[in-house]
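Coordinate inspection notes
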Amino acid sequence: GENVEQHPSTLSVQEGDSAVIKCTYSDSASNYFPWYKQELGKRPQLIIDIRSNVGEKKDQRIAVTLNKTAKHFSLHITETQPEDSAVYFCAASIDNNAGNMLTFGGGTRLMVKP
Amino acid sequence: SAVISQKPSRDICQRGTSLTIQCQVDSQVTMMFWYRQQPGQSLTLIATANQGSEATYESGFVIDKFPISRPNLTFSTLTVSNMSPEDSSIYLCSLRGLAGGDTQYFGPGTRLTVL
């Protein structure tokens, strides 16, 4: 089955700096890669996703890049703010009409210091 | 997005007892799942709740320990049976296929503590 590894497990940045979180996956058939943000005591919330037919996607301060050949994808947060502090999870799945299950990475605890 | 509710939001239980967690969605969805999130850990899929048939369990999870029901497209239950302290965790229902889309959403979770 799919295996997703995520690095780093913790990341501390100064407010205004950029943060980058990287994930690798094992199944070359995976074609859907969402990122979730989980604040303390809250549910995971989807913040951005990318499909394998594109290499990059941006939404304001957040961007995700995908390298299918190397089987890795990354989350980039620019101009970080204290409210970006949370645990971020990457995931991978094979998206087809039957649906499929997400396999999650281990998570990255991001701390943005004011 | 849909409104997803879970009951109870938290509970403290004695070992050897069972707890049933309910998940209600305000719209019909194609797929519903149950996840476990142990303290400080990632999300682990327990099973896919299939409407009108037996759930599909992931490796390491069995029906006798985690029986699941899904009587219709908006409701599912997960029972944690014969609990031990190792079952202390957050249990989250999740859904996919809302309004024909494929984004996966999560419920608010049930925080279970087993003494």
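Look up: the structure comes first, before these words.
Now for a quick tour of the structure. Here the residue numbering is sequential within each chain, running from 1 through the sequence in written order. Think of it this way: whatever chain is written first is A, whatever ligand is written first is 1, and the rest follow in order. Note on the predicted model: pLDDT of at least 70 is required for a residue's local features to be given, and 80 or more for side-chain atom pairs to be given and counted; whole-chain, interface and lining totals, by contrast, use all residues. Here the side-chain values reflect all heavy atoms present in the structure, with hydrogen atoms and water set aside.

Quick look at the interface of chain A and chain B now. Contacts: residue pairs with any heavy atoms within 4.5 Å of one another. Counting from both sides, the interface comprises 18 residues of chain A and, opposite them, 19 residues of chain B. Note: buried area is the sum, over both parts, of the accessible area (probe 1.4 Å) each one loses when the two are combined. When chain A packs against chain B, the two sides together hide about 1500 Å² of surface, and 52% of this comes from carbon and sulfur. On the chain A side of the interface with chain B, the three residues burying the most area are Arg43, Met101 and Phe104 of chain A, jointly 37% of the side's total. For this analysis, a polar contact is any N or O atom pair within 3.5 Å, provided that within protein one partner can donate a hydrogen and the other can accept it, and provided that sequence-adjacent residues contribute only side-chain to side-chain pairs. For the pair chain A and chain B, the number of links is 4 residue pairs in polar contact (both at pLDDT 80 or more). By the criteria applied, helices consist of DSSP H or I runs no shorter than four residues and strands consist of E runs no shorter than two, each listed in order from the N terminus. Mapped onto the side of chain A that touches chain B, the elements with two or more residues apiece are strand S4 (32–38) and strand S5 (45–51) of chain A. In terms of residue count, the dominant contributor to the side of chain A that touches chain B is S4 of chain A (3 residues). For this classification, the nonpolar set comprises Ala, Val, Leu, Ile, Met, Phe, Trp, Tyr, Cys and Pro, the charged set comprises Asp, Glu, Lys and Arg, and every other residue, Gly included, is treated as polar. Of the residues assigned to the side of chain A that touches chain B, the class counts are 9 nonpolar, 6 polar and 3 charged.

All names here are of chain B. The strand order S1-S3-S8-S7 describes an open sheet built from 4 strands, whose pairing is antiparallel. The open sheet terminates on both sides in strands that have one partner only, identified here as strand S1 (4–7) and strand S7 (68–72). The mean angle between the axes of side-by-side strands here comes to 15°, regardless of whether they run parallel or antiparallel. Pairing between strands is defined by DSSP: at least two bridges between them are needed. Orientation is described by lines fitted to C-alpha atoms, with helices fitted over the stretch in contact, and by angles between N-to-C directions that extend from 0 to 180 degrees.

Residues and elements named next belong to chain A. Read from one edge to the other, the open sheet built from 5 strands follows the order S1-S3-S8-S7-S6, with strand pairing classed as antiparallel. Edge positions in the open sheet fall to strand S1 (4–7) and strand S6 (56–59), since each of these has one partner strand only. Within this sheet the neighbouring strands show an average axis-to-axis angle of 15°, counted without direction.

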